[in-house]
Every structure is written in C-alpha cells, then in structure tokens.
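One-letter residues, chain by chain:
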Amino acid sequence: MRSLVLFGLFATLAAARAAAQAPDGKALFEANCAKCHGSTGRPSPAIKKMFPEIPLYGESFFATRSDADILAVLTNGKGKNMKPWKDRLSADEMTALARYIRSLRP
Ligand code: HEC
C-alpha cells in the first residue's frame, strides 16, 4: 500500500517536471512576438502601417508553409523587419513557437 502511494507521488512529480521543462509556446509568443503579430495572430492597424508586409496568420497562411519553413524564418529572419531569433531563443523554444502559432485562428 505504502509503495503504491510513493509510486503515485513519484509519477506525479515526474509529470510536473516534464511539463515545466517543455517551453511554453503561448508565453513565448506573448512575450516576444505579440507586439508585432498581435496576440491572436492579427497585427494591429498601427503595426500594419509600420510593416505593410507583416502577414495575417491563419489556415491559409500556414497551408502554404511547412514547419521547416516557419523554423527557418524564426532562426534566420525574413526581410528587413522580421529579425532572426537564433541568438535569443533556443531550438526547443523556436519549435514550441512554431507549433503554437500554427494553432492561432485570428
Ligand atoms: C518588430 C516586429 C516583429 C516581431 C517582434 C516579430 N515579427 Fe515576425 N514578422 C514581422 C514582419 C514585418 C514579417 C514579414 C516579413 C516579410 O515577409 O518580409 C514577419 C513575418 C513572420 C512570419 C512569416 C514568415 C513567412 O513565411 O512569410 C512568421 C512565421 C513570424 N514572423 C513569426 C514570428 C515569431 C514567432 C516572433 C516572435 C519570436 C516574431 N515573428 C516576432 C515582424 C515581427
């Protein structure tokens, strides 16, 4: 009985630890990207004015881009205003971000 309780405790702790280690794509997006891309993936009119080339995320946007395409833009940047993130975010963080933005439906 006691060992069962202990096992349960360890399993819970291990699960909590795994969750804490996986980067949180939503939190990363809010902290680093939402100011330009908008927290729902729709840039504000002011941002559109400043960066006319900024995309609206969504199904049709992601339909034309693979995960590898998105990761390449995150890593190396695109154009003048989408800066590279490779020196500021880890590969795991960029992967979490790529997964998160794909779920946005502005
Ligand atoms: C300073 C404003 C700014 C910030 C901050 C910013 N972006 Fe961008 N982003 C842009 C602009 C402008 C473009 C359009 C680039 C182009 O097409 O020339 C863009 C384009 C993109 C694209 C589309 C690339 C494509 O395939 O056409 C993705 C994906 C993207 N950004 C993700 C992110 C993520 C994730 C973050 C946060 C880590 C982020 N951006 C932060 C301005 C920004």
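Before going into details, it helps to say that this report is about the structure given with it. Computed from a predicted model, the values in this text were never measured in an experiment.

### Some points on the overall build of the chain
On a plain count of helices and strands, the chain comes out with seven helices and zero strands. In the chain, the order of α-helices and β-strands from amino to carboxyl end is α-α-α-α-α-α-α. Taken over 106 residues, the chain has a buried fraction of 9%. Contacts in the chain between residues at least 24 apart in sequence constitute 56% of all its contacts with a sequence separation of at least 6.

### Overview of the environment of Ala 22
Mapped onto the elements, Ala 22 comes out in the loop between helix H1 (2–21) and helix H2 (25–32). Residue classification places Ala 22 among the exposed positions, given that 10 C-beta atoms sit within 10 Å. Ala 22 sits 71 residues away from Glu 93 along the chain, and the two C-alpha atoms are 8.4 Å apart.

### A few points about the packing of H2 against helix H7 (residues 91–102)
As a packed pair, H2 and H7 sit with axes 8 Å apart at the nearest point and diverge in direction by 90°. Regarding the angle of H2 to H7, the classification is roughly perpendicular. Side by side, H2 and H7 meet where Gly 25, Lys 26, Leu 28 and Phe 29 of the first sit next to Glu 93, Ala 96, Leu 97, Arg 99, Tyr 100 and Ile 101 of the second. The residue inventory of the contact of H2 with H7, partitioned by class, reads six nonpolar, one polar and three charged.

### Comments concerning the site of the ligand
Taken together, the neighbourhood of the ligand is formed by 21 residues, with Cys 33, Cys 36, Gly 79, Asn 81 and Met 82 sitting nearest. Looking at the shell around the ligand, the element that brings in the most residues is helix H6 (residues 67–76), giving four residues. In terms of residue class, the shell around the ligand is made up of 12 nonpolar, four polar and five charged.

### Description of the packing of H6 against H7
Running from N to C, H6 and H7 point in directions that differ by 125°, and their axes come no closer than 10 Å. On the basis of the axis angle, H6 is oblique to H7. Handedness of the H6/H7 crossing: right-handed. Residues Asp 67, Ile 70, Leu 71, Leu 74 and Thr 75 of H6 touch H7, and the partners they reach there are Met 94, Thr 95, Leu 97 and Ala 98.

### Some details on the nonpolar core
Counting five residues, the largest nonpolar core is built from Leu 74, Met 94, Ala 96, Leu 97 and Ala 98. A total of four residues in this core trace back to one element, the largest contributor, which is H7.

### Remarks on the environment of Arg 99
Structurally, Arg 99 is set in helix H7. Sequence separation of Arg 99 and Asp 67 is 32 residues, and the distance between their C-alpha atoms is 7.9 Å.

Rules behind the numbers
Residues numbered from 1 in each chain as written. Predicted model: local features only at pLDDT ≥ 70, side-chain atom pairs only at ≥ 80, totals over all residues. Helix = DSSP H or I, 4+ residues; strand = E, 2+ residues; numbered from the N terminus. Buried ≥ 20, exposed ≤ 12 C-beta atoms within 10 Å, placed from the backbone. Contact = placed C-beta atoms within 7 Å. Axes fitted to C-alpha atoms, helices over the stretch in contact; angles between N-to-C directions. Parallel < 35°, antiparallel > 145°, perpendicular 65-115°, else oblique. Nonpolar A, V, L, I, M, F, W, Y, C, P; charged D, E, K, R; others polar. Near = placed C-beta within 6 Å. Left-handed = near helix turned anticlockwise from the far one by under 90°. Core = buried A, V, L, I, M, F, W, Y, C linked by C-beta atoms within 7 Å.

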